[in-house]
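Fold and geometry: a report
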Amino acid sequence: MGKRLADPAGPGGGGKAAPALEVEDLTVAYNEKPVLWDVDLSVPPGVLLAVVGPNGAGKTTLIRSVLGLLQPVAGKVRIFGRSLAEARQRVGYLPQRGSVDWDFPTTVLDTVMMGTYGQLGWLRRPGRREREAAMEALSRCNMADFAGRQISRLSGGQQQRVFLARALVQQADLYLMDEPFAAVDATTERAIVDVLRELRSQGRTLLVVHHDLETLNEYFDWVLLINVRRIALGPVSEVLTSENLRLTYGGRAAFLSVEGSRGAAADDPPAAPGGGIEA
Amino acid sequence: MNSLLAELLGDHTLRTVASGAALLGISSGALGCFAMLRRQSLLGDAISHAALPGVALAFMLTGSKEPLTLLLGAALSGWLGTLLVTRIVRGSRVKLDAALGLVLSVFFGAGLVLLTIIQSRPDARQAGLDKFLFGNASTLLSSDIRAMALLALLALLALLLLWPRLKLLSFDPDFAASLGLPVRWLDLAISTLIVIAIVMGLQTVGVVLMSAMLVAPAAAARQWTDRLASMVLLAGAFGALAGISGALLSARIERLPTGPAIVVIVSLIVFFSLLFAPNRGMVFAWLRSRGQRRQLGQATVLISLLQLAQQHSDPFHPHQLIVPGSLSRQPRRQAAQLVRDGLLEALPDGLYRLTASGLSEARRLSRELLPGEQP
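Keep in mind it's a predicted model, so treat the numbers as computed, not measured.

Turning next to the overall build of chain B. Of regular secondary structure, chain B possesses 15 helices and 3 strands. A compact globule built from 375 residues would reach a C-alpha radius of gyration of about 21 Å, whereas chain B, at 30 Å, exceeds it by more than 25%. Its C-alpha atoms put chain B at 100 × 55 × 35 Å along the principal axes. Across the 375 residues in chain B, those meeting the buried criterion constitute 47%. If you take every contact in chain B between residues at least 6 apart in sequence, the share linking residues at least 24 apart comes to 69%. Only carbon and sulfur atoms are counted for the fraction: they give 65% of the accessible area of chain B, which is about 18,200 Å².

Laid out in structure tokens, this is it:
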């Protein structure tokens, strides 16, 4: 963590910490069709935030725009009060597992070490320090035994944990994670949640694209409901109302009847079935 | 073999041709790995075809047949073709494959037209430009070899210097960009290196077959290893091997041109690798799946007998072989193998019973393959 900027409160320094992520008027379009429309966000530091919305709602696009991987039509992004270029080293990224070719000729350890390349000098090669950081990250994800394995010989959940370990070695203060829970088994999901909570308890901020409304309350502190436009952003218990879910997912009747009741339950924590309020 | 070596060392022309082909094979093999892993193998084909009009134009403008001049023209127009492909993909809805096809055929067509125009000129100096179509290694001079060696050295040095970044760029370009690596610049660097490798091969192999020198060694090397570093080394070695043996072959066989000889040999290497490489090879995969089928069949026989025996108080009670047919197509043959392994005992009248070790093996398999089943 030695690479944190000298003043974590950001410029201004008026006592109040700058938001971990601030997005203003963000509009992104593919071929004239808007994917994100005039989105404003302000995410305080230290929250574990779920990004929730239907397919095509712009969740991945939001993450990619924040990272500068695509060019928005309009909008401004500030990270800890600074521009992306200034704050780049404080941002970590976990892309969707399906975005790479897992038959690539490399090992688990090499893949995780790639997370250190952002700080590698131009003529330097990854060495012992990088290797040790990668091994430590792998053991935090219960993947140390797989360090020497070719990445194509991993299960989906193991691949997901390799990506998580690669994000960990980035030692970032703001993490953007695109569906880390996609198609993983219960054990892996548990392991990932533990790591996310540990990161949050260290004061890091996490934006996590998530699909399972049932575990929202249990896993996350905050939620961003999004469908092209920002629907709602705030603590899960305040934001997860049936009205907001209807606005997010539209009028799909079967879905609504289930989620509506769950949303209502979330309004009223003591009545929540299964009581997932341990966070 | 010894006489071949003596021939190689003794004959100046052959030595020149062989070292040219080896240099070409090393660099196109090594760089082709990155083209392949980035799913840009066909880019090499487009670049090499796009180089042809550059050769023709360079001659028309300068009137010189100096290889350096012509290859500079080739490099420029090949590079232009690459940029055009990138622009078309980024700036329109045309997909990569269509853009590659478009650039390849338009540039190549233009090159052929220019060659025809050149050849219809009454000037005698024009002869021989068409060697760039299929290559003609026998025209290589020592000075060409020195230039090729320099280019190969520079390209491999650049590869070594950029290694970790190029590896990351090839595996996960988005993540590379998120780290702040200059991906556009790296992209351009690797494309330029590929252009260099292609231009090196134009005299020897020609524009039509050059892409094989990028794709084939890489594809063959991938079969044998799961590490990028060894894949790149191996691809370079395969390229060099094909280059040298192609040169020797065409020296031995009357009127066999070097370029096609090299490409045929590199194709044989690919063919062999696809079939016989351990793990990824087709023969290996076939043997493995056959072995797995056989194991599953034997397990089915054992478990079936265990389940039958469980209907009696005596687990060693003999039984007829009744096995779900779809699971084991040849229960008798598998039973015979199990008898040889000492797991089953064959009794008269087609009856079988488990031996003691057969029983424990059957229980183990049942626990392993049928979780939830009571052993």
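Take the confidence of the model for chain B next. Of all residues in chain B, 93% have pLDDT values of 70 or greater, and the mean over the chain is 87. For chain B, helix H1 (residues 2-10) of chain B is the element with the lowest average pLDDT, namely 67, and helix H8 (residues 173-178) of chain B is the one with the highest, namely 96.

Residues and elements named next belong to chain A. Take Phe 220: it is sitting in the loop between helix H7 (213-219) and strand S8 (222-227). Residue classification places Phe 220 among the buried positions, given a relative accessible area of 3%. As a C-alpha pair, Phe 220 and Ala 165 span 55 residues in sequence and 20 Å in three-dimensional space. Excluding its chain neighbours within four sequence positions, the residues that come into contact with Phe 220 are Leu 48, Leu 49, Ala 50, Phe 181, Val 208, His 210 and Val 236.

All names here are of chain A. The buried fraction of strand S7 (residues 205-209) amounts to 5 of the 5 residues, a majority that puts the element mostly inside the structure. The two faces of S7 match: Thr 205, Leu 207 and Val 209 on one face and Leu 206 and Val 208 on the other face are all buried. Pairing analysis gives 4 bridges linking strand S3 (residues 48-52) to S7, with the strands arranged parallel. Pairing of Ala 50 across the sheet is with Val 208, part of S7. In this view, the connection linking strand S6 (residues 174-177) to its parallel neighbour S7 by way of helix H6 (residues 186-201) has right-handed handedness.

Residues and elements named next belong to chain B. In the contact formed by helix H7 (residues 142-171) and helix H9 (residues 183-202), the axes pass within 10 Å of each other and the chain directions differ by 150°. By the angle between their axes, H7 is roughly antiparallel relative to H9. Of the two elements, H7 crosses H9, and the hand of that crossing is left-handed. Contact residues: Met 148, Leu 151, Ala 152, Ala 155, Ala 158, Leu 159, Leu 162, Arg 165, Leu 166 and Leu 169 in H7; Val 183, Leu 186, Asp 187, Ala 189, Ile 190, Leu 193, Ile 196 and Met 200 in H9. Considered class by class, the residues forming the contact of H7 with H9 number 16 nonpolar, no polar and 2 charged.

For the structure shown, the criterion picks out 8 aromatic pairs over all chains. Through a chain of ring-to-ring contacts, the aromatic side chains of A:Trp102, A:Phe104, A:Phe163 and B:Phe171 assemble into a single cluster. Directly above the aromatic system of A:Phe80 lies the positively charged group of A:Arg90, at a separation of 3.9 Å from the ring centroid. Just above the ring of B:Phe175 sits the side chain of A:Arg166; from NZ or CZ to the centre is 3.5 Å.

To continue, consider the pattern of salt bridges. The tally for this structure, following the rule as stated, stands at 19 salt bridges over all chains. Between A:Glu198 and A:Arg140 there is a salt bridge, and its shortest N-O distance comes to 3.1 Å. In this pair, A:Glu198 sits in helix H6 while A:Arg140 sits in helix H4 (residues 128-140), placing the two residues 58 residues apart along the sequence. Put simply, A:Asp103, A:Arg153, B:Arg222, B:Asp226 and B:Arg280 are held in one network by salt bridges that share partners.

With that settled, consider the interface of chain A and chain B. Contact with chain A, which involves 35 residues of that partner, is made by 30 residues of chain B. Both faces combined, the contact of chain A with chain B buries some 2,900 Å², and carbon together with sulfur accounts for 58% of it. Summed over the three residues of chain A that lose the most area to chain B, namely A:Phe104, A:Pro105 and A:Trp122, the buried surface amounts to 25% of that side. Run the count over chain A and chain B and you get 7 salt bridges. Across the salt bridge formed by B:Arg222 and A:Asp103, the nearest N and O atoms sit 3.4 Å from each other. Only helix H3 (108-113) and helix H5 (156-169) of chain A provide two or more residues apiece to the side of chain A that touches chain B. Looking at the side of chain A that touches chain B residue by residue, the class counts come to 15 nonpolar, 11 polar and 9 charged.

Rules used throughout
Residues numbered from 1 in each chain as written. Chains lettered and ligands numbered in written order. Predicted model: local features only at pLDDT ≥ 70, side-chain atom pairs only at ≥ 80, totals over all residues. Heavy atoms only, no water. Helix = DSSP H or I, 4+ residues; strand = E, 2+ residues; numbered from the N terminus. Rg over C-alpha atoms; globule rule 2.2 N^0.38 Å. Buried < 20%, exposed > 50% of the residue type's maximum accessible area, 1.4 Å probe, protein only. Contact = heavy atoms within 4.5 Å. Areas by Shrake-Rupley, 256 points an atom, 1.4 Å probe, with all protein chains shown as cover. pLDDT = per-residue confidence, 0-100. Pairing = 2+ DSSP bridges. Right-handed = clockwise from strand over helix to strand, strands pointing away. Axes fitted to C-alpha atoms, helices over the stretch in contact; angles between N-to-C directions. Parallel < 35°, antiparallel > 145°, perpendicular 65-115°, else oblique. Left-handed = near helix turned anticlockwise from the far one by under 90°. Nonpolar A, V, L, I, M, F, W, Y, C, P; charged D, E, K, R; others polar. Phe/Tyr/Trp six-rings, centres within 6.5 Å; stacked < 30°, edge-to-face > 60°. Lys NZ or Arg CZ within 6 Å of the ring centre and 35° of its normal. Salt bridge = Lys/Arg side-chain N within 4 Å of Asp/Glu carboxyl O. Buried area = accessible area lost by both parts, 1.4 Å probe.

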